[in-house]
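Chain residues, written in single-letter form:
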Amino acid sequence: MRVLLTGSNGFLGQKFCERLSEYSQIESILGLSKSENRNPYLDENSFLQVDLLDFEKLEAIIVGFQPTHIIHTAALTSVEGCADQPHRAEQINVQLSTMLAQMCKEQNIHFTFISTDFVFDGQNGPYQETDPVKATNAYGQSKIDAEKAILTTYPEAAILRTILVYGAIPDKNRSNLVLWAKKQLEHGEKINVVSDQWRMPTFVDDLADACYSAMQQKALGIFHISGSEMMTVLEAVHLIADTWNFDKSLIQPITAAEIGQADNRPRKTGFILDKAKTILNYEPTPFIVSLQKIGEQLKKYNS
């Protein structure tokens, strides 16, 4: 497998490269990012700095590298960012993804696209892959538009939807729910945590492995990839506090309405994972076990 990875500086991009030693069928990888290389697992021969919206240059890179697989993790993921910059969200999340799907179709390259639980409105979670989509924000809508365009252009593509991804990588500029809560509580800081949004948080190591499995099998269609435990964000943070013996009195419950998220975030998502378990042999790491692994990883990165 010759893998082209967009968003190689991103959270999933870095974790995927960290786990390359486990992915025996990958012979070579080329990471792409708009900013200079921050991925410690890629050297100057396996990274290119490029504006992905320069389609001509991107096409030349694909033709030159001749990948067997493209994994597209680059995206504008901020809910507020997509609302404030709808044209940019359309360019990055929809047009770029559609262009890559078209290139993959023309050159017979397997395409893996990362999507989100925010394609659902949160009224009927947990969801199956076949459930009707309906977004509550511009980010979710851009991913719905991208999914439709990709599957219309190239039905052999794999779309992996995921939820509230968390974990650890060496890059300290990348945060997520677990690292944020751990850092704040470690320093004795009070934190406000939403008590009325339900999710099945996804361990980034599991998501990277699911991507590799989809690529190995040249899977097609939509797959749901997440943890298997439904919990509120508040319950997740309480478990984080328990794992590292932090003071739970620092955790202040707050409602989605109080922070302006009642209408622009789905209330309860979550996924039914049967399809991924059956076809991709996907087996999510229990949340508590993943927190212990994160503790070990952080020690390794800091040593």
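Before any of the text, the structure's been laid out above.
Figured I'd write up the structure that's included with this text. Here the structure is a predicted model, which means the values were calculated and not measured. (Residues numbered from 1 in each chain as written. Predicted model: local features only at pLDDT ≥ 70, side-chain atom pairs only at ≥ 80, totals over all residues. Heavy atoms only, no water.)

Here we look at unusual backbone geometry
Then, number 1: Residue Pro 126 is reached from Gly 125 by a cis peptide bond, and omega for that bond is 0°.
Then, number 2: Tracing the backbone shows Pro 126 in the loop between β5 (110-116) and α5 (138-153).
Then, number 3: Positive phi is not limited to glycine here, since Leu 164 has a value of about 40°.
Then, number 4: Within the secondary structure, Leu 164 sits in the loop between β6 (158-162) and β7 (165-166). (Helix = DSSP H or I, 4+ residues; strand = E, 2+ residues; numbered from the N terminus.)

Let's talk about the packing of helix α6 (residues 177-186) against helix α8 (residues 233-243)
Between two packed helices, what matters for the description is the angle formed by their axes and the separation of those axes.
Then, number 1: One can describe the packing of α6 onto α8 by two numbers: an axis separation of 10 Å at closest approach and a directional angle of 55°. When the axes of α6 and α8 are compared, the pair comes out oblique. Crossing of α6 against α8: the hand is right-handed. Listed contacts from α8 to Leu 177, Val 178, Ala 181, Lys 182 and Leu 185 of α6 are Val 233, Ala 236, Val 237, Ile 240 and Ala 241.
Then, number 2: Tallied by class, residues from the contact of α6 with α8 come to nine nonpolar, no polar and one charged. (Axes fitted to C-alpha atoms, helices over the stretch in contact; angles between N-to-C directions. Parallel < 35°, antiparallel > 145°, perpendicular 65-115°, else oblique. Left-handed = near helix turned anticlockwise from the far one by under 90°. Contact = heavy atoms within 4.5 Å. Nonpolar A, V, L, I, M, F, W, Y, C, P; charged D, E, K, R; others polar.)

Regarding the pattern of salt bridges
Then, number 1: Across all of its chains, the model carries eleven salt bridges by this definition.
Then, number 2: Lys 15 is the partner of Asp 205 in a salt bridge, and the nearest nitrogen-oxygen pair spans 3.5 Å. One end of the pair, Asp 205, is in helix α7 (residues 204-216); the other, Lys 15, is in helix α1 (residues 11-18), and 190 residues separate them in sequence.
Then, number 3: Judged by its relative accessible area of 6%, Asp 205 is buried.
Then, number 4: A salt bridge links Lys 182 to Glu 186, with the nearest nitrogen and oxygen atoms 2.9 Å apart. With Lys 182 and Glu 186 both in helix α6 and four residues apart, the pair spans about one turn of that helix. (Salt bridge = Lys/Arg side-chain N within 4 Å of Asp/Glu carboxyl O. Buried < 20%, exposed > 50% of the residue type's maximum accessible area, 1.4 Å probe, protein only.)

With respect to the packing of aromatic side chains
Then, number 1: Considering all chains together, one arrives at seven aromatic pairs under this definition.
Then, number 2: Look at Phe 16 and Tyr 23: their rings are 5.1 Å apart centre to centre, the planes differ by 45°, and that puts the pair in the tilted class.
Then, number 3: By relative accessible area, which is 3% here, Tyr 23 ends up buried.
Then, number 4: Aromatic side chains Phe 118 and Tyr 139 sit 6.2 Å apart centroid to centroid with 65° between the ring planes, which places their arrangement in the edge-to-face category. Of the two residues, Phe 118 sits in the loop between β5 and α5 while Tyr 139 sits in helix α5, which places them 21 residues apart along the sequence.
Then, number 5: When its relative accessible area of 12% is taken as the criterion, Phe 118 is described as buried.
Then, number 6: Classification of Tyr 139 by relative accessible area gives buried; the value is 9%.
Then, number 7: If you follow Arg 2 out to its NZ or CZ, it ends over the ring of Phe 65, 4.3 Å from the centre. (Phe/Tyr/Trp six-rings, centres within 6.5 Å; stacked < 30°, edge-to-face > 60°. Lys NZ or Arg CZ within 6 Å of the ring centre and 35° of its normal.)

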